[in-house]
Amino acid sequence: MADLATDRLPLFPFRSPGDDPFTPVAAADRRRLDGPVTRVRLPTGGWTWLVTRHGDVKEMLRSDAFSADATRPGFPLLRAPTPQTPQSTPGGFVRMDGEAHLRLRRMLTAEFMIRNIRRMEPLIADVVDGVLDAAEAAGPPADLVATFALPVPSLVICHLLGVPYADHALFQRHSATLLDHTADPLRAREALLGLRAYLGNLIEAKRTSGRAGDDLLGRLVDERVRTGELEIDELIGMAVLLLVAGHETTANMIGLSVLLLQRHPHVWQRLRDDDQAADAVVEELLRYLTIVRTGLPRQAIRDVEIGGRLIRAGEPVTALLSLANRDDEVFDDADEFDPYRQAHQHLAFGFGVHQCIGQPLARAELRVALTRLARRFPALTVATDPDRLPKRDTSLVYGVAELPVTW
Amino acid sequence: MTARITADRDICVGAGNCVLTLPRVFDQDDEGLVKVLDPDPADAPEDLLDQAVARCPSGAITVR
């Protein structure tokens, strides 16, 4: 599809290094989009439709006219496919459709249901307090990303899955590489194989231990692998997905949230004093920050109309969650951060059958981490100009790479 | 009186948004899938019911 007309399209994902970290699409990039459903150029060649309105994104992500299977020829890719990798990676259900996807996702719905995550809250609080104790003992100044924002979700997902946190350097490094859409395809492949080997060994140890243990991977070994419902290779793929998804997402939300709340000291104080307020603040943070700024890629499998545009079978489509969450039709003064608004219809977790299964966990982590941080360090101050902080703007999950603070 | 609220477990993906929106009306069963606690809630605000339908990512909830 690459041709002269494609060459003139705006390049996606939009990257504006040095710009305000709270503006997901810079004004200059917004001006280059000539409608709510418009074409953009991809770094791998070719183009994709970019769907930017809240209603259109919901309709698209809930429609069965679109496939999430990235192995389909013509699927909108940000990074060249990795060479010599099997066509499909078993267990990676975010890139599967229909019954195949539902079968694997259903094995996890009980694990992530709200009631079970509520039961985990004391553990989350203990993790947060432990990390805060260590930060306090080390004293200011500190990099809040390395000392708090990343360790909290990492420790929690390790507890939940049954993965030893002691190995965190290895899986955090691989996880960051996999999410970097500018990473060399060979390095990405190495990271994926590294994670599969690591989790494969761990799962094998659980499988041969008689009783696999009281953690998510152990339960899947006992209840699904031993019964023949789930292949080991599929379980490894699911484990990779959960471990990667548990890391940069919540970590970047915590880092960006703290940076944003510096501008809103009354909200910081409210988090400290008012337990009831925290849920609404977290929803607005999720809407306003929308860390998945590269959007969600799909491919039309039949002709379909979205936002008044005919999308033809085989054409690539990307749902731009960050602009949908700034849609003035749905959110008044959408570019303003307003923790008093009703933000719950945001699409930060995506929409449709692939909507983030970990959202109850993410909400609980954000609420507990931010309220306890605000209580422990009420005078927390970011020690650098936000515009000068290094950004994770080549990652599928946007955030700040460092956050120097004092308290 | 006929039921007003129905939920389709076959297409539910267990996101739990309905439980967050209206915990008196919706719950998740042991598999994490939608369970309607009260199919004909006399006092549930209409706007919250509309929200539960709108927030369901898989379109599993119907109100009539």
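Keep in mind the model is a prediction, meaning the values are calculated, not measured. (Residues numbered from 1 in each chain as written. Chains lettered and ligands numbered in written order. Predicted model: local features only at pLDDT ≥ 70, side-chain atom pairs only at ≥ 80, totals over all residues. Heavy atoms only, no water.)

**Describing the overall build of chain A**
Secondary structure assignment for chain A yields 16 helices and 10 strands. Over its C-alpha trace chain A gives a radius of gyration of 21 Å, about what one expects of a compact globule, namely 22 Å for 407 residues. Residues classed as buried in chain A amount to 55% of the 407 residues present. Restricting to contacts in chain A with at least 6 residues of sequence separation, those with at least 24 account for 73%. When the accessible surface of chain A is totalled, it reaches about 16,900 Å², and 50% of it is carbon and sulfur. For chain A, the separation between the mean place of its 48 positive charges and that of its 55 negative charges on side chains is 2 Å. (Helix = DSSP H or I, 4+ residues; strand = E, 2+ residues; numbered from the N terminus. Rg over C-alpha atoms; globule rule 2.2 N^0.38 Å. Buried < 20%, exposed > 50% of the residue type's maximum accessible area, 1.4 Å probe, protein only. Contact = heavy atoms within 4.5 Å. Areas by Shrake-Rupley, 256 points an atom, 1.4 Å probe, with all protein chains shown as cover. Lys, Arg positive; Asp, Glu negative; His and termini not counted. Charge placed at Lys NZ, Arg CZ, Asp CG, Glu CD.)

**A short note on helix H7 (residues 151-161) of chain A**
Buried residues dominate H7 of chain A, accounting for 10 of its 11 residues. Regarding H7 of chain A, the residues found buried are Pro151, Val152, Pro153, Ser154, Leu155, Val156, Ile157, Cys158, Leu160 and Leu161 of chain A.

**Structural notes on the side chain of threonine 318 of chain A**
Residues and elements named next belong to chain A. Structurally, threonine 318 can be placed in strand S8 (residues 316-319). For threonine 318, a relative accessible area of 4% gives the class buried. Once residues lying within four places of it in the same chain are set aside, the contact partners of threonine 318 are Phe12, Thr48, Trp49, Leu50, Val51, Met60, Pro76, Thr294, Gly295, Leu296 and Pro297.

**With respect to the UniProt feature "domain: Divergent 4Fe-4S mono-cluster" (unreviewed entry) in chain B**
The UniProt record annotates "domain: Divergent 4Fe-4S mono-cluster" (unreviewed entry) at residues 4-63 of chain B. Structurally, residues 4-63 of chain B comprises 25% helix and 20% strand, and the distance from its first C-alpha atom to its last is 5 Å. (UniProt positions renumbered as here; feature names shortened; annotations may be inferred.)

**With respect to a negative patch on the surface**
Residue and element names in this part refer to chain A. Together, Asp328, Glu329, Asp332, Asp333 and Glu336 make up a negatively charged patch on the protein surface. Take aspartate 333: it is sitting in the loop between helix H15 (321-324) and helix H16 (359-376). Using a relative accessible area of 57% as the deciding quantity, one classes aspartate 333 as exposed. (Patch = residues over 30% accessible without salt bridge, like charges linked within 9 Å, V, L, I, M, F, W, Y side chains within 5 Å. Salt bridge = Lys/Arg side-chain N within 4 Å of Asp/Glu carboxyl O.)

**Some points on the interface of chain A and chain B**
The interface of chain A with chain B comprises 18 residues on the first partner and 26 residues on the second. Across the interface of chain A and chain B, roughly 1,700 Å² is buried in total on both sides, 48% from carbon and sulfur atoms. Looking only at chain A, the three residues that lose the most surface to chain B are Arg106, Ile114 and His344 of chain A, adding up to 28% of its buried area. On inspection of chain A and its partner chain B, the count reaches 2 salt bridges. Summed over the shared surface of chain A and chain B, the number is 14 residue pairs in polar contact (both at pLDDT 80 or more). Elements with a minimum of two residues in the side of chain A that touches chain B: helix H3 (54-62), helix H4 (98-109), helix H5 (114-138) and H16 of chain A. (Buried area = accessible area lost by both parts, 1.4 Å probe. Polar contact = N/O pair within 3.5 Å; in protein donor to acceptor, adjacent residues only side chain to side chain.)

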